[in-house]
Amino acid sequence: MAADLTTYTCRLATELAQPGNLGFFQTIVAASTAGGTGSAQEFTAPRLAQFQLMLDAAGVTELNTLDVFELVLAPVLMWGLLSALPKNETVPIDDPDIRRIVANVMAVLRDRRR
């Protein structure tokens, strides 16, 4: 799971670093404001489905999509919002921030397995 999550997180950060791609995040915020959480869920559903596929493939039942959303998607979106992502660059797989996010997810998983 760690390898898949690392790859996913790098791709997400790279996508958000491209000009105009923060529109997804801005759409979620606008939908939440205008239409409540139901509208926001429509926009986040594809990302959550990707997370669920990763969890299922790894046989992970201790985490749910909301956990991964909070631990992965939220921080990367905030980096994008705060312009903390390198513009027009591929985020490397060994990026320390990416490694920290994956390590946090794996730590939560280990803790829940005890």
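Residues numbered from 1 in each chain as written. Predicted model: local features only at pLDDT ≥ 70, side-chain atom pairs only at ≥ 80, totals over all residues. Heavy atoms only, no water.

Visitor: Break down the confidence of the model for the protein chain for me, with residues and values.
Guide: Fine structural detail should not be taken from predicted coordinates in areas where pLDDT scores are low. Chain-level pLDDT for the protein chain is 85 on average; 89% of the residues reach the 70-or-more range. Least confident of the elements in the protein chain is helix α2 (residues 23-57), whose mean pLDDT is 75; most confident is helix α4 (residues 96-113), at 95. (pLDDT = per-residue confidence, 0-100. Helix = DSSP H or I, 4+ residues; strand = E, 2+ residues; numbered from the N terminus.)

Visitor: Describe α4, listing the residues and the values that go with them.
Guide: Counted at 1.5 Å a residue, the expected span for α4 with its 18 residues is 26 Å, and the 25 Å between its end C-alpha atoms agrees. Listed in full, the buried residues belonging to α4 are Ile-98, Ile-101, Val-102, Val-105, Met-106 and Leu-109. When α4 is viewed along its axis, its buried side chains cluster within an angular range of 125° and face the same direction. Seen from the buried face of α4, the exposed residues on the opposite side, beyond 90 degrees, are Pro-96, Arg-99 and Arg-110. Against α1 (2-17) and α3 (65-81) lie the buried residues of α4. (Expected span 1.5 Å × (residues − 1). Buried < 20%, exposed > 50% of the residue type's maximum accessible area, 1.4 Å probe, protein only. Arc of directions from axis to C-beta. Contact = heavy atoms within 4.5 Å.)

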